Amino acid sequence: MKLRFGIPKGSLQESTIQLLSQAGFTVYVSSRSYYPTIDDPEIECVLIRAQEMARYVSDDAIDVGLTGNDWIAEHAAATGNHVVNIADLIYSKQSFRKIRWVLAVPESSPYRTPQDLKGATVATELVRATESYFSQRGITVNVEFSWGATEAKPPRLADAIVEATETGSTLRANHLRIIDTVLESNPQLIASEQAVNNKWKRDKINNIALLLQAAIEAQGRVGLMLNVRRADLDGVIALLPALLRPTVSPLSDDDWVAVSSIIDEQTVRDLIPKLKEAGSQGIVEYPLNKIVP
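The following paragraphs examine the structure supplied in this document. This one's a predicted model, so the numbers in the text were calculated from it and none came from an experiment.

1. Some details on the pattern of salt bridges
Here is step 1 of the chain: In this structure the tally under the stated criterion is eight salt bridges.
Here is step 2 of the chain: Two residues, K201 and D63, come together in a salt bridge whose shortest N-O distance is 3.0 Å. Of this pair, K201 sits in helix α7 (residues 199-218) while D63 is found in the loop between α2 (50-58) and β5 (64-68), placing the two residues 138 residues apart along the sequence.
Here is step 3 of the chain: According to the relative accessible area criterion, K201 is buried, its value standing at 13%.
Here is step 4 of the chain: Its relative accessible area of 1% is what places D63 among the buried residues.

2. Remarks on the sheet that holds strand β8 (residues 121-124)
Backbone hydrogen bonds hold the strands of a sheet together, and the pairing may be parallel or antiparallel.
Here is step 1 of the chain: In spatial order, the strands read β9-β8-β10-β7-β11; together these five strands make up an open sheet with mixed pairing. In this open sheet, the two strands that pair with only one neighbour each are β9 (142-145) and β11 (176-185). The mean angle between the axes of side-by-side strands here comes to 25 degrees, regardless of whether they run parallel or antiparallel.
Here is step 2 of the chain: One ladder, built from three bridges, connects β8 with strand β10 (residues 160-165); its direction is parallel. Pairing of A123 across the sheet is with I161, part of β10.
Here is step 3 of the chain: Packing of helix α3 (residues 69-79) onto the sheet brings it into contact with β7 (99-106) and β11, and relative to β11 it is tilted by some 75 degrees.

3. Considering the environment of W71
Here is step 1 of the chain: Assignment of secondary structure puts W71 in helix α3.
Here is step 2 of the chain: Put simply, W71 and G138 are 67 residues apart on the chain and 24 Å apart in space, counted from C-alpha to C-alpha.
Here is step 3 of the chain: Here W71 is in contact with A50, Q51, A54, W101, E125 and L126, once residues within four sequence places are set aside.

4. Details of the packing of α3 against helix α4 (residues 127-136)
Here is step 1 of the chain: At their nearest, the axes of α3 and α4 sit 8 Å apart, and the two run at 85 degrees to each other. Our classification of the angle between α3 and α4 gives roughly perpendicular. Here α3 contributes E74, A77 and A78 to the contact with α4, which in turn contributes V127, R128 and A129.
Here is step 2 of the chain: Split by residue class, the contact of α3 with α4 holds four nonpolar, no polar and two charged.

Criteria and cut-off values
- Residues numbered from 1 in each chain as written.
- Predicted model: local features only at pLDDT ≥ 70, side-chain atom pairs only at ≥ 80, totals over all residues.
- Heavy atoms only, no water.
- Salt bridge = Lys/Arg side-chain N within 4 Å of Asp/Glu carboxyl O.
- Helix = DSSP H or I, 4+ residues; strand = E, 2+ residues; numbered from the N terminus.
- Buried < 20%, exposed > 50% of the residue type's maximum accessible area, 1.4 Å probe, protein only.
- Pairing = 2+ DSSP bridges.
- Axes fitted to C-alpha atoms, helices over the stretch in contact; angles between N-to-C directions.
- Contact = heavy atoms within 4.5 Å.
- Parallel < 35°, antiparallel > 145°, perpendicular 65-115°, else oblique.
- Nonpolar A, V, L, I, M, F, W, Y, C, P; charged D, E, K, R; others polar.

Geometry only, nothing functional implied.
What follows is the structure, encoded as structure tokens:
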């Protein structure tokens, strides 16, 4: 028995493969194949567009996959079919934060608020969520499906767009101005009901979820080890902004202890000189792949 695992093809592909690597799975993608290899003989991978992932999972064509909650909601609104949410995973193409679907208009347009777009044409891939957004506000607009290159459509082909953005740089490069956020989205690990009802698959999926969440938890953090005299211990511990309280272990010399801690990577360059000044010796910084709470 194998677990059929959908990896999102497109903007999330590279960051997903990197996350899987940090979680302990080596995935190799050939430019000529939609079936990546993975170093786990119990998993069979396939590349699927994030927009279609929920459909294939709900149909049990694959057991488990990664896609945004934007596309999960879009699929549910279109078909009434649902998937099982296994884990909420906050990462994106360029960072470990959510993306935004924003309402944007040309910089030179007179539109300043969503209400100004009454009767206008809005282009987007996320049709049903956009229709719901305007409907909830009592604004009548014409929402058109966009096959791509959505940023290029205003002002000639559409009055406004709803598009996903992480930093806003592509919108600015196309002289577009954000006037509101329609929704925020981040990847979800989803599974089919059939897979969840199979004990072997459910256990395998939960183990993958645990490792992915642990890899995300480790992002931006490092481990720090050092030795310090017992007489200086309180001063050193006071400097450590630990995830939990630092671990203190005795050494062969009773006058000394070893201290280990997990800290934010951005604080290290300022922290190490202070630790040294406080009496620490043998300071070692090391990377973290996973943190399991």
